[in-house]
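Fold and geometry: a report
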Amino acid sequence: MVQCPALSAHIGLRAGVGRIGVITVVTSMMLLAGCQTNSTGFGRAPDSPYAPGTYDAFEDSVDGLIVGHRLTAAGEHELALKAYKRAAIEHGFTVDVLSAIGSANLQLGRLGQAEKLLRRATQVDVNFAPAWNNLGVVLMETGQISEAARVFQIAFGLDRGQSAEIRENLRLALANQGDPDYDPANNDTFSLVRRGSGDYLLLSEI
């Protein structure tokens, strides 16, 4: 609380000076009341975590894909999925949105949903390498190794070999293609990718 002792003294000096004094007293009291307003700002609870004039709607103003990518990087896959679904409302079911939602479902172990969404993403844009790569990861997780190798080859060709993650995924899939003992549950090396600023960026490892 901020006090204004100078104004308090001013009120006392002016209190008995006729009509002008009354007006001065009233004005001074209004100013004094303003000085005693909580220093955290007008019209805001003292325990509010938000600055004056701002609200928790800030996150809602940020692109759902961006929010989802940040949450995925932080390992918050359920929250990321919610953000990606909001992105679907904002942008429609674009290849980026479908790929992101499918990848989030994969991170949450919902392999059937992930495969369906990622297949749809590759149909929306047959040239989108991240969707093909992430579909390949799902196929490896479900033991469909031969198809996964073929899908990784498509991703590699579209990417023109620029992504280290896609190259490594293809190498591992080809290495395990003829391995009858391959166990997806014990594998932790296949990587998901997304579209970045001109680059494919690693989301996380399964």
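Now for a look at the structure at hand. (Residues numbered from 1 in each chain as written. Predicted model: local features only at pLDDT ≥ 70, side-chain atom pairs only at ≥ 80, totals over all residues. Heavy atoms only, no water.)

Here's the deal with the pattern of salt bridges
All told, the structure shown has 7 salt bridges when counted by the stated rule. Residue glutamate 78 pairs with arginine 110 through a salt bridge whose shortest N-O separation is 3.0 Å. Here the residue glutamate 78 occupies a position in helix H4 (residues 77-91), and arginine 110 occupies one in the loop between helix H5 (95-107) and helix H6 (111-124), the gap between them amounting to 32 residues. Residue glutamate 78 is classed as partly exposed on the basis of its relative accessible area, which comes to 36%. For arginine 110, a relative accessible area of 29% puts it in the partly exposed group. Between glutamate 90 and arginine 86 there is a salt bridge, with the nearest N and O atoms lying 2.6 Å from each other. On the criterion of helical spacing, the pair formed by glutamate 90 and arginine 86 is a turn pair, its members being 4 residues apart in helix H4. Where salt bridges share partners, they join Glu115, Arg119, Glu147 and Arg150 into one cluster. (Salt bridge = Lys/Arg side-chain N within 4 Å of Asp/Glu carboxyl O. Helix = DSSP H or I, 4+ residues; strand = E, 2+ residues; numbered from the N terminus. Buried < 20%, exposed > 50% of the residue type's maximum accessible area, 1.4 Å probe, protein only.)

Details of unusual backbone geometry
Here the phi dihedral of arginine 160 falls at roughly 60°; this positive angle occurs in a residue that is not glycine. Position of arginine 160 relative to the elements: it lies in the loop between helix H8 (145-159) and helix H9 (164-176).

Note that all results are geometric; they support no functional claim without further evidence.
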